[in-house]
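Report on the structure
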Amino acid sequence: MSRELLKGNVAIAEAALRAGMYAYFGYPITPQTELLEHLARRMPELGRVFLQAESEIAAINMVYGAACAGVRTMTSSSSPGISLMQEGLSYIAASDLPCVVVDVMRGGPGLGNILPSQGDYFQVTRSAGHGDYHPIVLAPASVQEAVDLTVLAFDLADQYRHLVILAADGLIGQMMEPAELPPMRDLPTERPDYALTGAKGRPPRRIASFYLQAEAEEAYNQKIQARLARIRQSEQRSVEYFTDDAQILVVGYGSAGRIALSAVQQLREQGLPVGLFRPITLYPFPEARLRALTAQAAAILVVEMNAGQMLEDVRLVVAERVPVHFYGRMGGAVPMPEEIVNALRQILQTEVLS
Amino acid sequence: MTDWLLEATTTHMETVYCMPQSLSAQPTHYCPGCTHGVAHRLLAEALDELNMRERAILVAPVGCAVFAYQYFEVDGCEAPHGRAPAMATGLKRVQPDKIVITYQGDGDLASIGAGEILHAAARNEPITVIFINNAIYGMTGGQMAPTTLTGQRTTSSPFGREGEPLRMSELLAVLPQTAYIVRRSLHTPAHIRKAKKAILTALKVQQAGLGFSMVELLSSCPTNWGLTPPEALEWIEKHMLPVFPVGDYKVSEAVKEL
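The rules behind each value
- Every chain is numbered on its own, with residues counted from 1 as its sequence reads.
- Numbering of ligands from 1 and lettering of chains from A proceed in the order in which they are written.
- Given that the model is predicted, a residue must reach a pLDDT of at least 70 before its local features are reported, and side-chain atom pairs must reach 80 or more before they are shown or counted; all residues, however, enter totals for whole chains, interfaces and linings.
- Note that the side-chain values use all heavy atoms of the structure and ignore hydrogens as well as water.
- Each helix is a run of DSSP H or I of at least 4 residues and each strand a run of E of at least 2, with the numbering of both proceeding from the N terminus.
- The buried label goes to any residue with under 20% of its type's maximum accessible area, the exposed label to any with over 50%, and the partly exposed label to all in between, with areas taken from a 1.4 Å probe on protein chains only.
- The criterion used for residue contact is that any of the two residues' heavy atoms lie within 4.5 Å.
- To be clear on the numbers: accessible area is Shrake-Rupley with a 1.4 Å probe, and residue cover counts the displayed protein chains and nothing else.
- Under this scheme, a helix contributes an axis fitted over its contacting stretch, all axes are lines through C-alpha atoms, and angles between N-to-C directions fall in the 0 to 180 degree range.
- When describing relative orientation, an angle under 35 degrees is termed roughly parallel and one over 145 degrees roughly antiparallel, while 65 to 115 degrees is termed roughly perpendicular and anything else oblique.
- Left-handed describes a crossing whose near helix is turned anticlockwise from the far helix by less than a right angle; the clockwise case is right-handed.
- Throughout this entry, Asp, Glu, Lys and Arg are counted as charged residues, while Ala, Val, Leu, Ile, Met, Phe, Trp, Tyr, Cys and Pro are counted as nonpolar. The remaining residues, Gly among them, count as polar.
- Any N or O atom pair separated by 3.5 Å or less is treated as a polar contact, with the protein-specific requirement of one donor-capable and one acceptor-capable atom, and with residues adjacent in sequence counted only for side-chain atom pairs.
- Two parts placed together each lose some accessible area under a 1.4 Å probe, and adding up what both lose gives the buried area.
- Here, a salt bridge means any side-chain nitrogen of Lys or Arg that lies within 4 Å of a carboxyl oxygen of Asp or Glu.
- Throughout, the edges of the domains are those of an automatic or database domain assignment.
- Pairing between two strands requires that DSSP report at least two bridges joining them.
- A pair of aromatic rings is counted whenever rings of Phe, Tyr or Trp (Trp by its six-membered ring) have centres within 6.5 Å, and the orientation is called stacked for planes under 30 degrees apart, edge-to-face for over 60 and tilted otherwise.

**Describing the overall build of chain A**
Assigned secondary structure in chain A consists of 13 helices and 15 strands. Taking the principal axes of its C-alpha atoms as reference, chain A extends roughly 75 × 50 × 40 Å. When the 354 residues of chain A are sorted by exposure, 60% land in the buried category. Counting only contacts in chain A whose residues sit at least 6 apart along the sequence, the fraction spanning at least 24 positions is 78%. In the form shown here, chain A has an accessible surface area of approximately 13,600 Å², with 51% of it arising from carbon and sulfur atoms.

**Topic: unusual backbone geometry**
Cis geometry is found at the peptide bond from A:Thr30 to A:Pro31, where omega equals 5°. That bond from A:Gly108 to A:Pro109 is cis: its omega, 5°, falls within 30 degrees of zero. Locating A:Pro109 in the fold gives a position in the loop between β5 (99–105) and α6 (121–125). With phi around 50°, A:Ala319 is a residue other than glycine that occupies positive phi space. Summarising the element assignment, A:Ala319 is placed in the loop between α12 (310–318) and β15 (324–328). Assessed through its relative accessible area of 49%, A:Ala319 is described here as partly exposed. One non-glycine residue, B:Ala135, lies in the positive phi region at around 60°.

**Quick word on the packing of helix α1 (residues 8–18) of chain A against helix α2 (residues 33–45) of chain A**
All names here are of chain A. Across the interface, α1 lies against α2 with an axial gap of 7 Å and an inter-helix angle of 40°. As judged from the angle between their axes, α1 and α2 are oblique. Seen along the crossing, α1 lies across α2 with a hand that is right-handed. Across from Asn9, Val10, Ile12, Ala13, Glu14 and Leu17 in α1, the residues of α2 making contact are Thr33, Glu34, Leu35, His38, Leu39, Arg42 and Met43. Here the contact of α1 with α2 is built from residues that sort into seven nonpolar, three polar and three charged.

**Points about the side chain of A:Arg202**
Secondary-structure assignment places A:Arg202 in the loop between β8 (176–180) and β9 (206–207). Judged by relative accessible area, which is 18%, A:Arg202 ranks as buried. Within polar-contact distance, the side chain of A:Arg202 engages the backbone oxygen of A:Gly198 at 2.8 Å. The contacts of A:Arg202, once residues within four sequence positions are left out, are A:Ala195, A:Thr197 and B:Asp75.

**Section: the packing of α1(A) against helix α7 (residues 143–160) of chain A**
Residues and elements named next belong to chain A. One can describe the packing of α1 onto α7 by two numbers: an axis separation of 9 Å at closest approach and a directional angle of 30°. Comparing their axes, α7 and α1 come out roughly parallel. In terms of crossing hand, the pair formed by α1 and α7 is right-handed. Counting all contacts with α1, which are made through Gly8, Ala11, Ile12, Ala15 and Ala16, the residues of α7 involved are Val143, Ala146, Val147, Thr150, Val151 and Phe154. Across the contact of α1 with α7, the residue classes break down as nine nonpolar, two polar and no charged.

**Structural notes on the interface of chain B and chain A**
Of the residues lining the interface, 36 residues belong to chain B; the matching set on chain A comes to 37 residues. Across the chain B to chain A interface the summed buried area is about 2,700 Å²; carbon plus sulfur atoms make up 59%. When the area that chain B buries against chain A is broken down by residue, the three leading residues are B:Asp75, B:Glu78 and B:Val94, summing to 22%. Summed over the shared surface of chain B and chain A, the number is three salt bridges.

**As for the pattern of salt bridges**
All names here are of chain A. The tally for this structure, following the rule as stated, stands at 32 salt bridges over all chains. A salt bridge links Arg289 to Glu240; the shortest N-O distance between them is 2.6 Å. Note that Arg289 is positioned in helix α11 (residues 287–294) and Glu240 in strand β10 (residues 238–241), a separation of 49 residues in sequence. The class of Arg289 is partly exposed, set by a relative accessible area of 39%. Taking relative accessible area as the criterion, Glu240 reaches 28% and is therefore assigned partly exposed.

**Comments concerning the environment of A:Glu320**
All names here are of chain A. As for its position among the elements, Glu320 is in the loop between α12 and β15. With relative accessibility at 79%, the residue Glu320 sits in the exposed group. With 113 residues separating them in the primary sequence, Glu320 and Ile207 have C-alpha atoms 45 Å apart.

**Here's the deal with the domain arrangement of chain A**
A common measure of how large an interface is: the accessible area buried when the components associate. All names here are of chain A. Assigned domains within chain A: domain 1 (3–199 + 209–234) and domain 2 (238–353). If you look at the interface, domain 1 gives 32 residues, while domain 2 gives 25 residues. Summing both partners gives a buried area of about 2,300 Å² for domain 1 against domain 2, and 54% of it is carried by carbon and sulfur. Our enumeration of links across domain 1 and domain 2 arrives at three salt bridges.

**Description of the sheet that holds strand β2 (residues 75–78) of chain B**
The eight strands lie next to each other as β9(A)-β2(B)-β1(B)-β3(B)-β4(B)-β6(B)-β5(B)-β7(B), forming an open sheet whose pairing is mixed. Strand pairing shows two members of the sheet lacking a second neighbour, β9 of chain A together with β7 (247–251) of chain B, which therefore form its edges.

**Let's talk about the sheet that holds strand β13 (residues 281–283) of chain A**
Residues and elements named next belong to chain A. One open sheet holds the seven strands; their spatial order is β3-β2-β4-β5-β7-β6-β13, and the pairing between them is mixed. Of all strands in the sheet, those bounded by a partner on one side alone are β3 (49–52) and β13. On average, adjacent strands in this sheet sit at an angle of 20° to one another, irrespective of strand direction. Pairing of strand β4 (residues 73–77) with β5 involves four bridges; the strand directions are parallel. Across the sheet, Met74 pairs through a bridge with Val100, a residue of β5. Along the sheet, helix α3 (residues 56–68) makes contact with β2 (23–26), β3, β4 and β5, crossing β4 at roughly 165°.

**Some details on the packing of aromatic side chains**
The final tally for this structure, using the stated rule, is eight aromatic pairs over all chains. On the basis of an interplanar angle of 10° and a centroid distance of 5.8 Å, the ring pair of A:Tyr24 and A:Phe50 is categorised as stacked. Taken together, the positions of A:Tyr24 in strand β2 and A:Phe50 in strand β3 put the pair 26 residues apart, joining distant regions of the chain. Geometrically, the ring pair formed by B:Trp225 and B:Trp235 is tilted, given 4.4 Å between the ring centres and 40° between the ring planes. Here the residue B:Trp225 occupies a position in helix α9 (residues 222–225), and B:Trp235 occupies one in helix α10 (residues 229–243), the gap between them amounting to ten residues. Residues B:Trp225 and B:Trp235 agree in their burial class; the two are buried. Taken together through their ring pairs, the aromatic side chains of A:Phe210, B:Phe67 and B:Tyr69 make up a single cluster.

Below, the structure written as structure tokens:
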């Protein structure tokens, strides 16, 4: 395989079908529409299912139906569309079904705008609609990482029978850069043992999430919580840059993390002891590594394209052992590396050099 | 064992009535006099007669029939309120050889799920919809439904409903691409026999790949109408039939040839 110049949305779409996605249902919304458009052409070419739904609500319920049939299935949208999908996500979560949802985040709240944002951190990490649940959430910082994490998303979804959200921001969806696509995988020849395929030669299977008795509902919730504990144990992912001797640690994910890396590199060239911790999994939050790095840091700077959402997870891990600062831009504004450099210089003066 | 029964078991007798294979043997949770049980039995009989049980998938709604999947010996699942046609679309598109059925009440289909049923019909999605119209929300205790009659008193229209009910069969039948849309009633044995025939036709439509099929069934809700079961059946005849006439609203040319 070789590298090609690819737009993020198209790369995610192509990676998904190569990872064995058999059915896609979606609804147009900027800045993710190229993803739907690519699949509108490619899925029928491969004899697979593509359908433009009448709404995001219908799209996620079509995904729910296809997931019940035991095939790899996906939808994609952007922030307001993900808001609409919360109902279906909750049912999928409560039915132990695997599926992948791509959120190419845009500015909010409300209709907001179509510019890059990370304002969905709460929406995607805290729950899937109502009830106690967390999707697995993956945050790419480049087109190549978006490709790799799309494949991983399908594998994790099947491994845990769990909802996986690829949380890309509008920058990742819209930018073009070189990336290598994965090889085309064969579709599985058999359906999983929960799939609704008709009760031929076996008892009927039922997929539902309705428990009238509190004890039964609580017991089911405990099963979800046990699975989440396994996920937290095994699936924390992050990358680190210049962290060996960093006294100031920047924490940022996705595009904000990538921009922060430019700032960190600039300051390193000037001999200043800064490093970057970039979470790949937003849920499970990579708390084990962050806790270890916190032991050596004098201060932490969280950088996000929102008002400070992951900031809460960082504070939970750091537990006031070191000062935690925040630099964020909102509403579709993207920080420049210089803004982060300035924020770091201020912290260096007050927390490290003083 | 009495003598006459002993005698009967030794005589050859033809079975004329039994539990359908597609129906689960378990006590019902529906109220006395409710016609959900009749509708369930008709669907189960139809699945048996067409030998579809082993490839049927039932999508249950939210409402009184929320447990519908438990009453059928077929694969089943549970849709969010109103979303059964979208879920059925996902199930059917990835396995077109299966028989996918939604079973929905009037609040589910005509109110919160009005968008999903309209677009499933507009796509001529080859699924079969069993639509139970009893002019009220049953599960939540008798609130106004989109099919509640003008002037009908419910817990949320205590002074009588203003405005007109939605007539879903008529509404969907204007879409030229649909295959089979009919309304039947469950208030007398004669009407029940006609309802059974319509369900058989709707399932055959799906089997033949002819497109969207829906059977609307006028049903009773004695509990929330505040009537006895016999009074409720009379109420269908007297009040519902004039507003919701039984009849064939859409039978495509291809369906006529079945």
